[in-house]
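Breakdown of the fold
The lines below spell out each chain.
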Amino acid sequence: MDNKTKQGNTMVIVIIVVVAIAIIGYLVYDNNQKKQAEAEAQVAVAQQQTEQAQQQAAQVEAEAQAQKAATEKAVDTAQAEAKATASANTAAKASATCEENVANAQKNLPHLEDYAETLEKGGEIIEDNPDAAVAQCRETHEGLSKPECETKIDNFIAGKEDLYAEIEAEIATAEALIAAGC
């Protein structure tokens, strides 16, 4: 073999080695690009999930604030309505005849006692069966609407109103009226 052939063969080998290195380099580069694209996609998904979680948390917080404001407004309204109802009941009682008062007291006393017993057992029973508590409230206070009774019950549970003392006072008044007669 002459020198030129050796150089030619060496040149071909060098070109083959360079091409092989270039192909291997390209494959490594392409694989790295794919891995980077996958990693970026995972980061994008994680960011989207984080944003969704933040939006949901903000929505829950806004709903909680709105519910709190509505509850506070309902409590204030219920207290004003309760005072107005009490005033109306006082005026109505004053205008009723003695016999009507005694008859109403006799009719309402069992309801008042049942209601007092329910309240005495505590808010846990009321929380377990709020519909029964509201029904008992409506039987006891015939003039109150369902929402008014629900507000009274909610206020009792929240500790904003001492319904038990109120009912005990009504029981004492009814018993005294029945005992006194006409």
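I will try to describe carefully the structure that is included in this document.

Rules of the game
- One numbering rule holds for all chains: residues counted from 1, following each sequence as written.
- Reporting of local features is limited, given that this is a predicted model, to residues whose pLDDT is at least 70; pairs of side-chain atoms are given and counted only at 80 or more, and all residues count toward the totals for whole chains, interfaces and linings.
- Side-chain measures were taken over the full set of non-hydrogen atoms in the model, leaving aside hydrogen atoms and water.
- Axis definition: a line fitted to C-alpha atoms, over the contacting stretch in the case of helices. Angles run 0 to 180 degrees between N-to-C directions.
- We count a stretch as a helix when DSSP gives it H or I for four or more residues in a row; a strand needs E for two or more, and each element gets its number in order from the N terminus.
- Here the word oblique covers every angle except those under 35 degrees (roughly parallel), over 145 (roughly antiparallel) and from 65 to 115 (roughly perpendicular).
- Throughout, a crossing is termed right-handed when the near helix is turned clockwise from the far one, and left-handed when it is turned anticlockwise from it by less than a right angle.
- It only takes one pair of heavy atoms within 4.5 Å for two residues to be counted as in contact.
- The classification used treats Ala, Val, Leu, Ile, Met, Phe, Trp, Tyr, Cys and Pro as nonpolar, Asp, Glu, Lys and Arg as charged, and all other residues, Gly among them, as polar.
- In what follows, a disulfide is any cysteine sulfur pair within 2.5 Å.
- The buried label applies to any residue whose accessible area, calculated with a 1.4 Å probe on protein chains only, is under 20% of its type's maximum; exposed applies above 50%, and partly exposed to all values in between.
- Between the first and last residue of a helix there are one fewer steps than residues, each counted as 1.5 Å, and that sum is the expected span.
- A carboxyl oxygen of Asp or Glu within 4 Å of a side-chain nitrogen of Lys or Arg is what we treat as a salt bridge.
- Here a polar contact means two N or O atoms within 3.5 Å. Within protein one must be a hydrogen donor candidate and the other an acceptor candidate, and residues neighboring in sequence count only if both atoms are side-chain atoms.

Right, let's talk about the packing of helix H4 (residues 130–140) against helix H5 (residues 146–158) for a bit. Axes are the key here: two packed helices are described by the angle between their axes and the distance separating the axes. It is the contact of H4 with H5, at a shortest axis distance of 9 Å, that shows an interaxial angle of 115°. The pairing of H4 with H5 is recorded here as roughly perpendicular in orientation. H5 is crossed by H4, and the crossing has right-handed handedness. Seen from H4, the contacting residues are Ala133, Val134, Cys137 and Arg138; seen from H5, they are Lys146, Cys149, Glu150, Lys152 and Ile153. Here the residues of the contact of H4 with H5 sort into 5 nonpolar, no polar and 4 charged.

Inspection of every chain in the model, using the stated rule, returns 1 disulfide. Put simply, Cys137 and Cys149 are joined by a disulfide, and their sulfur atoms are 2.3 Å apart. Residues Cys137 and Cys149 share a disulfide whose torsion about the S-S bond is about -75°; that sign makes it left-handed. In this pair, Cys137 is assigned in helix H4 and Cys149 in helix H5, connecting sequence segments 12 residues apart. You'll find Cys137 and Cys149 in the same group, each marked buried.

Further remarks concern H5. Taking 1.5 Å as the rise per residue, H5 with 13 residues should run 18 Å; its terminal C-alpha atoms sit 18 Å apart, in good agreement. What H5 keeps buried is the set Glu148, Cys149, Thr151, Lys152, Ile153, Asn155 and Phe156.

This part covers the pattern of salt bridges. Applying the stated criterion across every chain, the model contains 2 salt bridges. Of the charged contacts in the structure, one is a salt bridge between Glu142 and Lys107, with a shortest N-O distance of 2.7 Å. Residue Glu142 is located in the loop between H4 and H5, and its partner Lys107 is located in helix H2 (residues 98–121); the two are separated by 35 residues in the primary sequence. What makes Glu142 exposed here is its relative accessible area of 54%.

On to the environment of Glu150. Considering the arrangement of structural elements, one finds Glu150 in helix H5. Owing to a relative accessible area of 33%, Glu150 belongs among the partly exposed residues under this scheme. When the C-alpha atoms of Glu150 and Asp131 are compared, they prove to be 8.6 Å apart, with 19 residues separating the residues in sequence.

What follows concerns the environment of Glu139. Within the secondary structure layout, Glu139 lies in helix H4. Among the residues examined, Glu139 registers a relative accessible area of 38% and is labelled partly exposed. Linking Glu139 and His111, residues 28 residues apart in sequence, is a C-alpha distance of 6.7 Å. A polar atom in the side chain of Glu139 sits 3.0 Å from the side chain of His111.

The values reported here are purely geometric and, on their own, carry no functional implication.
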